[in-house]
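Overview (structure and organization)
One letter stands for each residue in the lines below.
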Amino acid sequence: MYRQCRSRGYATAVDVLMDIGVLQKDKYEDWRFGRIPYLERVCMVNLGKLSTVRHQMRVYAQKAGLKPSFCCYKQWGTKKKGGQGHKPVIPLRFSKSGNPEIERWYATHFVDTKRVAELKAAKQEPQTDPDAEQV
């Protein structure tokens, strides 16, 4: 979580699971495209360990002063029907049980508001090349 927050200002459960080797990137993508019914199915540890990971994320977020932010995960690759209107929104499931609280914690991103402000400020500073010649 620390590394994710430093690099982009927030941490997500799915990225933590990939970082610790519990979830393979290709399996995550299969889930996002709707080829897997729920994310827990392709995690390489049991539900107890997944619960522990989620709990430790919440503990870390609280100690680090991270702000929880719910994110709705939608299926990738859906096509418009008939070529008109909006794409259908298909929500994704994280857990076999579908328990709303478990789903909410998987979908929660933890935001480091100070780091986000730093990253935005750094992005807006004019990029100077120290090797460029001054005219």
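A few points on the structure. Computed from a predicted model, the values in this text were never measured in an experiment.

**Some words on the overall build of the protein**
Along its length, the protein carries 6 helices and 3 strands. Beginning at the N terminus, the succession of helices and strands in the protein can be written as α-β-α-α-α-β-α-β-α. Across the 135 residues in the protein, those meeting the buried criterion constitute 30%. Contacts in the protein between residues far apart in sequence, at least 24 positions, make up 61% of those at least 6 positions apart. In the structure as shown, the protein presents an accessible area of about 9,500 Å², 52% of it carried by carbon and sulfur atoms.

**As for the side chain of Q4**
Mapped onto the fold, Q4 is located in helix α1 (residues 2–8). In this structure the side chain of Q4 is engaged in a polar contact, spanning 3.1 Å, whose partner is the side chain of D19. Setting aside residues no more than four positions away along its own chain, Q4 makes contact with G9, Y10, A11, T12, D15, V16 and D19.

**Considerations on the nonpolar core**
Ranked by internal contacts, the top residues of the largest apolar core, which has 26 residues, are M1, L17, W31, L39, Y73 and F94. Sorting the residues of this core by element identifies α2 (13–19), α3 (25–32), α4 (47–64) and α5 (100–107) as the ones contributing at least two each. If we ignore the near neighbours within four places in the chain, the residues touching L39 are V14, L17, L23, W31, R93 and F94.

About the cut-offs
Residues numbered from 1 in each chain as written. Predicted model: local features only at pLDDT ≥ 70, side-chain atom pairs only at ≥ 80, totals over all residues. Heavy atoms only, no water. Helix = DSSP H or I, 4+ residues; strand = E, 2+ residues; numbered from the N terminus. Buried < 20%, exposed > 50% of the residue type's maximum accessible area, 1.4 Å probe, protein only. Contact = heavy atoms within 4.5 Å. Areas by Shrake-Rupley, 256 points an atom, 1.4 Å probe, with all protein chains shown as cover. Polar contact = N/O pair within 3.5 Å; in protein donor to acceptor, adjacent residues only side chain to side chain. Core = buried A, V, L, I, M, F, W, Y, C linked by side-chain atoms within 4.5 Å.

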